[in-house]
Number of protein chains: 4
Amino acid sequence: MSLSGELVDDAQGPVSSATGRPLTKRGEATRRRLLEAAELVFAEQGYHEASIVKITERAGIGLGTFYLYFDSKQAIFEALVLDLNRRVRHSMSESMEGASSRLEAERAGFAGFFRFTAEHPALYRVVREAEFVSPEVLRLHYTRIVEGYEAGLRAAQAAGDVDRALDPQTTAWALMGMGELIGMRFLLWERDADGRPPSQLDPVVFAGMTRFIDNALAPRPGATHGEEQA
Amino acid sequence: MSLSGELVDDAQGPVSSATGRPLTKRGEATRRRLLEAAELVFAEQGYHEASIVKITERAGIGLGTFYLYFDSKQAIFEALVLDLNRRVRHSMSESMEGASSRLEAERAGFAGFFRFTAEHPALYRVVREAEFVSPEVLRLHYTRIVEGYEAGLRAAQAAGDVDRALDPQTTAWALMGMGELIGMRFLLWERDADGRPPSQLDPVVFAGMTRFIDNALAPRPGATHGEEQA
Amino acid sequence: MSLSGELVDDAQGPVSSATGRPLTKRGEATRRRLLEAAELVFAEQGYHEASIVKITERAGIGLGTFYLYFDSKQAIFEALVLDLNRRVRHSMSESMEGASSRLEAERAGFAGFFRFTAEHPALYRVVREAEFVSPEVLRLHYTRIVEGYEAGLRAAQAAGDVDRALDPQTTAWALMGMGELIGMRFLLWERDADGRPPSQLDPVVFAGMTRFIDNALAPRPGATHGEEQA
Amino acid sequence: MSLSGELVDDAQGPVSSATGRPLTKRGEATRRRLLEAAELVFAEQGYHEASIVKITERAGIGLGTFYLYFDSKQAIFEALVLDLNRRVRHSMSESMEGASSRLEAERAGFAGFFRFTAEHPALYRVVREAEFVSPEVLRLHYTRIVEGYEAGLRAAQAAGDVDRALDPQTTAWALMGMGELIGMRFLLWERDADGRPPSQLDPVVFAGMTRFIDNALAPRPGATHGEEQA
DNA sequence: AATGAATGAGTATTCATTCAT
DNA sequence: GATGAATGAATACTCATTCAT
């Protein structure tokens, strides 16, 4: 009911909301402009303050045109969350490429996450409001990111790079939570002398976080093999 | 603009919103009923779906009466967040009393946080929506909790119970984020076979989290004295 | 689904659409003004062209107030049809009082029907559009009137005043149809030299119709006893 | 204002709505498909719920193409009413052919009318809604049918087959009204055990109606020659 | 101290019609 | 001849807030 239509991730490319037909090149461009405008408007005003009129004005298209591409306000919101999710994960894996070690990769992933957060404050605000607008899509968002962490952790544990006594799922969610609140506090709330948001995390904070994560994940000499689990 | 009136925490007790006079005993009770109804309604429906009519009906009070106690919908929302914040911190310090060690206390604090979260899902939902409704009060909420963590961490570092290389502020926000997402994922999203939410954290998860925190905070043999800081 | 709420005919008096409570005297008056405005607006513009704003402006009350009394545009429409139905039947039975014979009463009933039609062209237009807006209420309208005719016919047949070979139900619907189209053609479509609608049926037409009905209903010498009936 | 363009009955065959030129054979077919689709859509949804998109989709034709054949939604509606009117009158005269007497013909005409009504419920719904969409075309519809009745009645009166005291015009409208309401009640509202509409009038009803008409029209021994008129 | 009738600004959504291709 | 993307005017309905009682 809540998810308008299915949650399929545009596997075969976007289609017209009215006719169900695949979009022409012109249509594709219009849809993209709507999504970009929506990102800005939702980020600035939040879901409820945002309005279709504001979005279409920002996109420079007619009001009615909106409904050729999205069924409803909720529908574009969900499409936007999924779109941002895809992009943040892309940003994270890009950062991780070429890392020399597991831990290095984990760190790089975080850096990618923070970079994206700083560049797209929308992601943050939009996702938090999703809790009430579209719980399913919110879960999808978190779960997809967490699954990436979790897979990395399991591999690192197998390789002996990460403490085997840690529960990978719990740990993955813990890392997700850390990233979220630290991004919120030190990127989104912070303002420099000119009142402008920082473009990257303060080095002290980043170092502190790295230390924290390194400590938490490092294999412990005493612990032999994950016997605490379950 | 956003904070209706000041954010003072009712230091001298609540006053009539209309006359500014302190409340009589009867008025006090009416105000309390409104806050309790608001907690339920906001938790179930979220800020925007909630309405003054729903709150007053739930409280068994006339619509007009509402404005004798609160200036606006936003005002009762802010009062509610502050109230919940006071109570969750109370729950945490209660849990920490009688802890034998610093680390023990930290763990107990987390347990108190999760207990409160499980018992008051309202806190969680209400706080997440506060981002858009009243950013100031949201910051106050997080900051107050984090300050507690941070003070504890500094003391523990001084006593040598916690790794001195960790930045206390960063670490405190990291812990807050962990608690928030783990509470969300494993308390609020989880459902047992009967579709009912769990009343406490799954032991595996709690153990995994404890291990994670213990690892992260434990003093490292190699590190001598916080020289990595800034 | 179509009938908003139930079709009960305000047996215990109208209630607030919002709270479900019975109306105060002031509320009662407001509701009456809305119904009167609705009769005019629906009659002039038809259901679809009519709008809540037009109705409330005509009634001289605020837009939002409308929804204190009716759940929707359809709801006031249905209430109006039922109200008009009650009144036309009242007008008909009033006309029939004191008729010296069965046939006389039947004729008087028709006269009452036409009088009401001439005074309330709304009835006619509103009812015809009801076919699409609220089929149930339309059926109720016709059925209630027809039942009156039918009961009269049965009694008259028993008394030997009406041809016993006639099927009372079919005959009742035939009479209803006659009345409707003759009212439409000779009252609602007709205009005098000044372009004004007539306030009563042209005597030629009324006489023609009376002759037609008298012929149709009069007991036939040849027919012995309603053996044609089902 | 209401009649889009003139009400001429396509006397010289349909023309392009855009160029005003007569249609090619291909164009003719497209126009016909549009009218057929319109009959279905208007009948199922009524005028206002119907939309050009629904009609063109049903016709398997591009949206823009519609305006090559009709100026507006109202224009196709009017064309449709006129088309149905032509066909119902055709159906009626077909039925009347070969009737042995005037009264027989009258009865056969009714049978034809009901047959058409049962087969084209569209006629009924579309016509009733026409009251608000296009009053002129509605009048044309009724008037054309009534004129047929009236002519027949005059001839029958001249031949002494019908009571000369009846006013032919009034009687014709009375018959029209009877047919309409009886068709509505016993064809369109009726459903058999399987919920399907009947394909013809119930014999009891038809017999009852025949008796009613026969009574009404039969020459009365007492009445000499229409002296009651005016 | 309490009430609830009245208000009207604000918003999502629909659809007939146009026009560039 | 045919198409369908784009348009924006129009409308039902909600709800925080006021105020007379």
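Residues numbered from 1 in each chain as written. Chains lettered and ligands numbered in written order. Predicted model: local features only at pLDDT ≥ 70, side-chain atom pairs only at ≥ 80, totals over all residues. Heavy atoms only, no water.

Considering the domain arrangement of chain A
Accessible area lost upon the coming together of the parts serves often as the stated size of an interface.
Residue and element names in this part refer to chain A.
(1) Moving on: According to the domain assignment, chain A consists of domain 1 (16–71) and domain 2 (73–217).
(2) Moving on: At the junction of the two partners, domain 1 supplies 16 residues and domain 2 supplies 16 residues.
(3) Moving on: Across the domain 1 to domain 2 interface the summed buried area is about 1,500 Å²; carbon plus sulfur atoms make up 67%.
(4) Moving on: The largest per-residue losses of area from domain 1 upon contact with domain 2 belong to E39, F42 and Y47, which jointly make up 44% of the total buried on that side.
(5) Moving on: Across the domain 1-domain 2 interface, the total number found is two salt bridges.
(6) Moving on: Between R32 and D83 there is a salt bridge; the shortest N-O distance is 3.7 Å.
(7) Moving on: With 11 residues, helix α1 (residues 25–49) is the single largest residue contributor to the side of domain 1 that touches domain 2. (Domains from an automatic or database assignment. Contact = heavy atoms within 4.5 Å. Buried area = accessible area lost by both parts, 1.4 Å probe. Salt bridge = Lys/Arg side-chain N within 4 Å of Asp/Glu carboxyl O. Helix = DSSP H or I, 4+ residues; strand = E, 2+ residues; numbered from the N terminus.)

Remarks on the packing of aromatic side chains
Aromatic ring pairs are reported here in terms of the distance separating the ring centres and the angle at which the planes meet.
All names here are of chain B.
(1) Moving on: Going through the model one piece at a time under the given rule, you end up with 47 aromatic pairs over all chains.
(2) Moving on: Between Y142 and W173, the ring centres sit 6.3 Å apart and the planes meet at 50°, which makes this aromatic pair tilted. Taken together, the positions of Y142 in helix α7 (residues 135–158) and W173 in helix α8 (residues 168–188) put the pair 31 residues apart, joining distant regions of the chain. An identical accessibility class is assigned to Y142 and W173; each is buried. (Phe/Tyr/Trp six-rings, centres within 6.5 Å; stacked < 30°, edge-to-face > 60°. Buried < 20%, exposed > 50% of the residue type's maximum accessible area, 1.4 Å probe, protein only.)

Some words on the relation of the copies chain C and chain D
Each of the two chain copies goes to the other by way of a rotation about an axis and a shift along it.
(1) Moving on: Between the two copies, chain C and chain D, the superposition gives an RMSD of 0.1 Å; the rotation angle is 180° and the shift along the axis is 0.0 Å. Here the transformation between the copies is reduced to the relation of a two-fold axis.
(2) Moving on: Mapped onto chain D, 98% of the interface residues of chain C are again interface residues, and the two copies thus contact each other with one and the same surface. (Least-squares fit on C-alpha atoms with pLDDT ≥ 70 in both.)

Examining the protein's contact with DNA strand E
(1) Moving on: Every one of the 33 residues lining DNA strand E counts as a neighbour, but G62 and Y69 of chain B together with G62, T65 and Y69 of chain C are closest to it.
(2) Moving on: Per the 4 Å cut-off to the protein, sugar and phosphate atoms form 60% of the nearby atoms of DNA strand E.
(3) Moving on: Separating a base nitrogen of DNA strand E from a backbone N or O atom of G64 of chain C is a distance of 3.0 Å.
(4) Moving on: Counting only elements with at least two residues in the surface near DNA strand E, the list comes to α3 (63–69) of chain A, α1 (25–49) and α3 (66–69) of chain B together with α1 (25–49) and α3 (63–69) of chain C. (Near = heavy atom within 4 Å. Polar contact = N/O pair within 3.5 Å; in protein donor to acceptor, adjacent residues only side chain to side chain.)

Overview of the nonpolar core
(1) Moving on: Within the largest apolar cluster, 132 residues are counted, with the highest numbers of intra-cluster contacts made by F42 and F212 of chain A together with F42 and F212 of chain B.
(2) Moving on: With residues near it in sequence (within four places) discarded, F42 of chain B still touches Y47, A50, I55, K73, I76, F77, L80 and V126 of chain B.
(3) Moving on: Grouped together as the second largest cluster of nonpolar side chains are 131 residues, L138, A172, W189 and F212 of chain D included. (Core = buried A, V, L, I, M, F, W, Y, C linked by side-chain atoms within 4.5 Å.)

Considering the protein's contact with DNA strand F
(1) Moving on: Around DNA strand F lies a shell of 33 residues, among which G62, T65 and Y69 of chain A together with G62 and Y69 of chain D are the nearest.
(2) Moving on: Note that a base nitrogen of DNA strand F is positioned 3.0 Å from one of the backbone N or O atoms of G64 of chain A.
(3) Moving on: Every element with two or more residues in the surface near DNA strand F is listed here: α1 and α3 of chain A, α3 of chain C together with α1 (25–49) and α3 (66–69) of chain D.
(4) Moving on: At five residues, α3 of chain A tops the list of elements feeding residues into the surface near DNA strand F.
(5) Moving on: Looking at the surface near DNA strand F residue by residue, the class counts come to 16 nonpolar, 13 polar and four charged. (Nonpolar A, V, L, I, M, F, W, Y, C, P; charged D, E, K, R; others polar.)

Topic: the side chain of T171 of chain B
(1) Moving on: Relative to the assigned elements, T171 of chain B resides in helix α8.
(2) Moving on: Owing to a relative accessible area of 2%, T171 of chain B belongs among the buried residues under this scheme.
(3) Moving on: The contacts of T171 of chain B, once residues within four sequence positions are left out, are F212 of chain A together with L153, L166 and L217 of chain B.

Here we look at the relation of the copies chain A and chain B
(1) Moving on: Overlay of chain A on chain B (RMSD 0.2 Å): rotation 180°, translation along the axis 0.1 Å.
(2) Moving on: With an isologous cut-off of 70% or more, the 100% of interface residues of chain A that recur at the interface of chain B puts this contact in the isologous class.

Looking at the UniProt feature "domain: HTH tetR-type" (unreviewed entry) in chain A
(1) Moving on: Within this numbering scheme, the UniProt entry marks residues 28–88 of chain A as carrying the feature "domain: HTH tetR-type" (unreviewed entry).
(2) Moving on: Split by type, residues 28–88 of chain A is 87% helix and 0% strand. Its first and last C-alpha atoms lie 22 Å apart. (UniProt positions renumbered as here; feature names shortened; annotations may be inferred.)

Quick notes on the interface of chain A and chain B
(1) Moving on: Contacts between the two partners involve 46 residues from chain A and, on the opposite side, 46 residues from chain B.
(2) Moving on: In total, chain A and chain B occlude about 4,500 Å² of area from one another, counting both sides; carbon and sulfur atoms represent 65% of this.
(3) Moving on: Applying the counting rule to chain A against chain B returns five salt bridges.
(4) Moving on: A salt bridge links D163 of chain B to R211 of chain A, with the nearest nitrogen and oxygen atoms 2.8 Å apart.
(5) Moving on: Where the side of chain A that touches chain B is concerned, the elements lending two or more residues are α1, α6 (121–133), α7 (135–158), α8 (168–188) and α9 (203–217) of chain A.
(6) Moving on: If you tally residues by element for the side of chain A that touches chain B, the top one is α8 of chain A, at 15 residues.
(7) Moving on: For the side of chain A that touches chain B, the residue count by class is 25 nonpolar, nine polar and 12 charged.

Concerning the interface of chain C and chain D
(1) Moving on: Between chain C and chain D, the residue contacts involve 47 residues of the former and 46 residues of the latter.
(2) Moving on: Taken together, the two surfaces of chain C and chain D that pack against each other cover about 4,500 Å², and 65% of this comes from carbon and sulfur.
(3) Moving on: Across the contact surface, chain C and chain D share six salt bridges.
(4) Moving on: Its salt-bridge partner being E131 of chain C, residue R128 of chain D comes within 4.0 Å of it at the nearest N-O pair.
(5) Moving on: Run the count over chain C and chain D and you get 11 residue pairs in polar contact (both at pLDDT 80 or more).
(6) Moving on: Those elements giving two or more residues to the side of chain C that touches chain D turn out to be α1, α6 (121–133), α7 (135–158), α8 (168–188) and α9 (203–217) of chain C.
(7) Moving on: If one sorts the elements of the side of chain C that touches chain D by residue count, α8 of chain C sits on top with 15 residues.

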